[in-house]
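The residues making up each chain are set out below.
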Amino acid sequence: VGTTDLSDVVEQCVQAAAEGDARLAVRDVLERIVSQPEGLAGRLGDPKVGLDILYRAPNLTVIHVVWPPGISLFPHDHRMWAAIAIYGGQEDNAFYRRREGRIVPSGGRELRVGDVLLLGDDAVHSVRNPARTHTGAIHVYGGDFVDMPRSQWDAETLEERPYDHEAVAREFARAEEAFLAASE
Ligand SMILES: [Fe+2]
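Residues numbered from 1 in each chain as written. Predicted model: local features only at pLDDT ≥ 70, side-chain atom pairs only at ≥ 80, totals over all residues. Heavy atoms only, no water.

Q: Even after reading the chapter, I still don't get the overall build of the protein chain, so can you show me in this structure?
A: Per the secondary structure count, the protein chain includes four helices and eleven strands. Its C-alpha atoms give the protein chain a radius of gyration of 16 Å, within 12% of the compact-globule value 16 Å for 184 residues. Dimensions of the protein chain, computed from the C-alpha atoms along their principal axes, are close to 50 × 45 × 25 Å. In the protein chain, which comprises 184 residues, the proportion classed as buried is 47%. Considering only contacts in the protein chain between residues 6 or more positions apart, those separated by 24 or more positions represent 73%. As displayed, the protein chain has an accessible area near 9,300 Å², and 46% of this comes from carbon and sulfur atoms. With 19 positive and 30 negative side-chain charges, the protein chain shows a spacing of 5 Å between the two charge centroids. (Helix = DSSP H or I, 4+ residues; strand = E, 2+ residues; numbered from the N terminus. Rg over C-alpha atoms; globule rule 2.2 N^0.38 Å. Buried < 20%, exposed > 50% of the residue type's maximum accessible area, 1.4 Å probe, protein only. Contact = heavy atoms within 4.5 Å. Areas by Shrake-Rupley, 256 points an atom, 1.4 Å probe, with all protein chains shown as cover. Lys, Arg positive; Asp, Glu negative; His and termini not counted. Charge placed at Lys NZ, Arg CZ, Asp CG, Glu CD.)

Q: Any chance you could explain helix α4 (residues 165-182) here in plain terms?
A: One full turn of an α-helix is made of 3.6 residues, so residues set three or four places apart face in the same direction. With 18 residues, α4 should reach 26 Å at 1.5 Å per residue; the first-to-last C-alpha distance of 26 Å fits that figure. Each element contacted by the buried residues of α4 is listed here: β1 (50-57), β2 (60-67), β3 (72-77) and β10 (151-153). (Expected span 1.5 Å × (residues − 1).)

Q: Is there a simple way to explain the pairing of strand β4 (residues 82-88) in this structure?
A: Regular strands place side chains that alternate from one sheet face to the opposite one. Burial analysis of β4 places seven of its seven residues in the buried class, which makes it a mostly covered element. For β4 and strand β7 (residues 116-119), the ladder comprises four bridges, and the chain directions are antiparallel. Counterpart to Ala82 in the pairing with β7 is Leu119. Sheet topology places β4 next to strand β9 (residues 135-141); six bridges connect them, and they run antiparallel. What sits directly across from Ile86, in β9, is Ala137. (Pairing = 2+ DSSP bridges.)

Q: I tried to follow the pattern of salt bridges on my own but got confused; where do I start?
A: Side chains carrying opposite charge are able to pair once their charged atoms draw close together. The full count for this structure, using the stated rule, is eleven salt bridges. Residues Arg79 and Asp77 are paired through a salt bridge, measuring 3.0 Å at the closest nitrogen-oxygen approach. Overall, the relative accessible area of 3% leaves Asp77 in the buried class. Across the pair Arg174 and Glu171 runs a salt bridge, and its minimum N-O distance is 2.8 Å. Taken together, the residues Arg174 and Glu171, both in helix α4 and three residues apart, mark about one turn of the helix. The exposure class of Glu171 is buried, given its relative accessible area of 16%. Overlapping salt bridges bring together Asp77, Arg79, Arg98 and Glu160 as one network. (Salt bridge = Lys/Arg side-chain N within 4 Å of Asp/Glu carboxyl O.)

Q: Quick question: what am I supposed to make of the environment of Ala85 here?
A: Among the secondary structure elements, Ala85 is positioned in strand β4. Taking the C-alpha atoms as reference, Ala85 lies 8.4 Å from Leu111; in sequence the two are 26 residues apart.

Q: How should I be thinking about the packing of aromatic side chains in this particular structure?
A: Aromatic rings in a pair are described by how distant their centres are and how their planes are angled relative to each other. Across all of its chains, the model carries three aromatic pairs by this definition. For the pair Trp67 and Phe172, a centre-to-centre distance of 4.9 Å together with 25° between the ring planes defines the contact as stacked. Separated by 105 residues along the polypeptide, Trp67 in strand β2 and Phe172 in helix α4 bring together distant segments of the chain. The two residues Trp67 and Phe172 agree in class, both being buried. Measuring from ring centre to ring centre gives 4.3 Å for Tyr141 and Phe145, while their planes differ by 40°; the resulting arrangement is tilted. For Phe145, a relative accessible area of 3% translates into the label buried. It is Arg150 that lies over the ring of Phe145; its NZ or CZ is 4.1 Å from the centre. We note Arg150 situated over the ring of Tyr163; from NZ or CZ to the ring centre the distance is 4.0 Å. (Phe/Tyr/Trp six-rings, centres within 6.5 Å; stacked < 30°, edge-to-face > 60°. Lys NZ or Arg CZ within 6 Å of the ring centre and 35° of its normal.)

Pasting the structure below:
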């Protein structure tokens, strides 16, 4: 098995998204890719944490995500379908349901290498990397992830506010710094 190029991943996702049921076609592509995770795992050797947007169009966004060890990202929604595939490490997802203007916990799923999770348009989740290693994932969204107005919730008060890409970037940076400080 050779290395999987991220541009190959994008190419396959774009083709899949042009099919009748884009969501299921993208899931199939991602399942194939992370069933041979060693193709991408080299990317975790020198991790650049955060969200690297590989492709962005009105109907599709493909993002390479490297989660720092110990990160805990506040609840947020996407308002478009999402497919999350893990090629290294672990990503714990907690789900929430909207109820009477608030969100309430509604189960969760621990994702490990080879797993692909599909989320519906109305999903609200928070994400945690419980491991002491970085987690590598490909996240695919059925719309323009950057432009779509959506929500995030305070991790403690669960107060809703507009989604803030910079707040997300700060959480990644903070967790990476904490990890580096702890490993000195
Ligand atoms: Fe998310």
